[in-house]
Every structure is written in structure tokens, then in C-alpha cells.
Amino acid sequence: MTQTDGYLLDNRQTEAGQRFDAFATLFDPTTFRHFERFGIGSGWRCWEVGAGGTSVVSWLAKKVGPTGRVVATDIDTSWAASAARPPVEIRVHDVGAEEPPGEGFDLVHARLVLVHVPDRERALRSMVKALRPGGRLLVEDADPALQPLLCPDEHGPEQQLANRLRHGFRKLLAERGADLSYGRKLPRLLREAGLREVEADAYFPVTSTACADLESATVRQIRDQLVTAGIATNEDIDRHLANVASGSMDLATAPMISAWGRK
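Rules used in this analysis
- Residues numbered from 1 in each chain as written.
- Predicted model: local features only at pLDDT ≥ 70, side-chain atom pairs only at ≥ 80, totals over all residues.
- Heavy atoms only, no water.
- Axes fitted to C-alpha atoms, helices over the stretch in contact; angles between N-to-C directions.
- Helix = DSSP H or I, 4+ residues; strand = E, 2+ residues; numbered from the N terminus.
- Parallel < 35°, antiparallel > 145°, perpendicular 65-115°, else oblique.
- Left-handed = near helix turned anticlockwise from the far one by under 90°.
- Contact = heavy atoms within 4.5 Å.
- Nonpolar A, V, L, I, M, F, W, Y, C, P; charged D, E, K, R; others polar.
- Expected span 1.5 Å × (residues − 1).
- Buried < 20%, exposed > 50% of the residue type's maximum accessible area, 1.4 Å probe, protein only.
- Arc of directions from axis to C-beta.
- pLDDT = per-residue confidence, 0-100.

Peer 1: How should the packing of helix α6 (residues 209–221) against helix α8 (residues 234–246) be read in this particular structure?
Peer 2: Each pair of packed helices can be summarised by the angle the axes make with each other and by the distance between the axes. Interhelical geometry of α6 versus α8 gives an angle of 165° and a closest axis separation of 10 Å. With respect to each other, α6 and α8 are oriented roughly antiparallel. For the element pair α6 and α8, the recorded crossing hand is left-handed. Judged by residue contacts, A212, E215, S216, V219 and R220 of α6 engage I237, H240, L241 and V244 from α8. Tallied by class, the residues present in the contact of α6 with α8 amount to 5 nonpolar, 2 polar and 2 charged.

Here it is, written out as C-alpha cells:
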């Protein structure tokens, strides 16, 4: 991810680790399915962009083995530091402002990263540049504008409050430069970047324990911003967190669109 003073979801906060865990539970099966489809194996050279947590990096390391290489980068590498052992290299890196950390990669991957990067175009060019001829790029990003509700079945006051807070969260993201319709653009952007054999699919969790865990961590992380912006009161947020903890609501996430292509 790219460091900005206005970045809403700071990786240095405790809740960031809880968000990473929820993302792993929700989205790792989809990500790993795509990796397997590419035929990843021993000796592959991989760049994990905006690594955040360790689940993807650790999975890649097992697949590529001691003869492979996994370069994991982020603007804040504190959460990924525990994975820093061969074949994994951890580097502080800004994908939207710096040159790639090498070239000749067999696989470059970013998940839920580029939507937050101010210079998304440069970041994508950098990722394509880093690939070897025939290498694979997999970019996975949310598209909150496709499905903006936390509770698609808004049948009561608890769900209405949840959706009001989700709308406020999206407003805060947009004010900080996030592109809330970025996911749907990925196939076109990959083709325009010169990739071939471009395909895409989407995963849309409708309800799960991980969705609730993600919502709780996110709201606690941005609580002060929601209150300061006049989107919600502390009483609203306490009531919503209690509703989430009760397990009585079906909580969804925005669809995650996965797009891939070959250089």
C-alpha cells in the first residue's frame, strides 16, 4: 500500500491484525485457488505486493520451496516480519511511488491493495514491469460500489444502523482517494497494460463469522473518524458493535474481484 497522511486503515493499529486474520479466512481459499491454477511450484519467483499479514506469504513460501523466492513488500512490514526467513524476503516498499524490487518474477500478486493507492496506474505498471515474459499477474480488489450494503437484507433497525455506518465508512474511504468501483475495472486495465489471456471472477461472502470479525475490527479501528465526521455517535457505534457481537445479523462484504493475465 502507499503511505499517505490520510490513510484510513493504519496497519500500526491493533485492529489491523484482526482484519488481516479475517481477510485470510474469507479470501485465502479464492487466492490460493488461482495460484494453483497457474501451476505454481518449486523454484518460482514471486512478489507479494502490500503483504500485510503472513498467510499468503507463508503459503507461497511452501509452494516455491528452498529454490524459489518470495519478495513481500508493504509500507509497514511489522505484521509480516515473522515470515522473514528463506525463501521469504521482507522489504519496506511503496508500490505506487518506487521502482519494483526486481524483475523476472513468475508471479506478482496484490490483494485489497491497489484500491487504496493514490497512483494506481503507476503501481500496476510497476507490477507488470516486474514480470518475466510469460509471468502471471493476479490483482484482487474489492468493488464496494457493486454491493454497498453491510446488510443486503435490511429488514430492521439493527440492519439500517449497520448500513448507515457502512455508508459512512465508504464516504471516508472515498475522501481519502479510494476508488470504490476499482474492482470491475481490473480486466480492462490488465488488457490495457499489455497482458494477454485476461480473465476475472468475483467472490461475495454474504454471511460468516469472519464477516462479523472483520466488521467489528474495522469499526473499532475507524471509530474516532466516524464520530469526528459526524457520521455516528459513540452510542451508535456501541449499539452496532453489540448487534454484531450478538450474531443476529447477516453481514456481507463487498465483492472481491480477482483478475489475472499473462505477460
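Peer 1: What should I look at first to understand α8 in this one?
Peer 2: Spacing of three or four residues puts side chains on the same side of an α-helix, whose turn is 3.6 residues. In this model, α8 (13 residues) spans 18 Å end to end at C-alpha, consistent with the 18 Å of a helix rising 1.5 Å per residue. Of all the positions in α8, only D236, I237, H240, L241, N243 and V244 are classed as buried. Axial view of α8: buried residues confined to an arc of 160°, hence all on one face. Residues of α8 that are exposed and point over 90 degrees away from its buried face: E235 and A245. Among the structural elements, α4 (157–175), α6 and α7 (223–228) are those in contact with the buried residues of α8.

Peer 1: How should I be thinking about the confidence of the model for the protein in this particular structure?
Peer 2: Caution applies to low-pLDDT regions: their predicted coordinates should not be interpreted in detail. Taken over all residues, the pLDDT of the protein has a mean of 93, while the share at 70 or more is 95%. Under a pLDDT of 50 for its full length, residues 1–6 has, in the predicted model, 20 contacts with residues more than four places off or in other chains.

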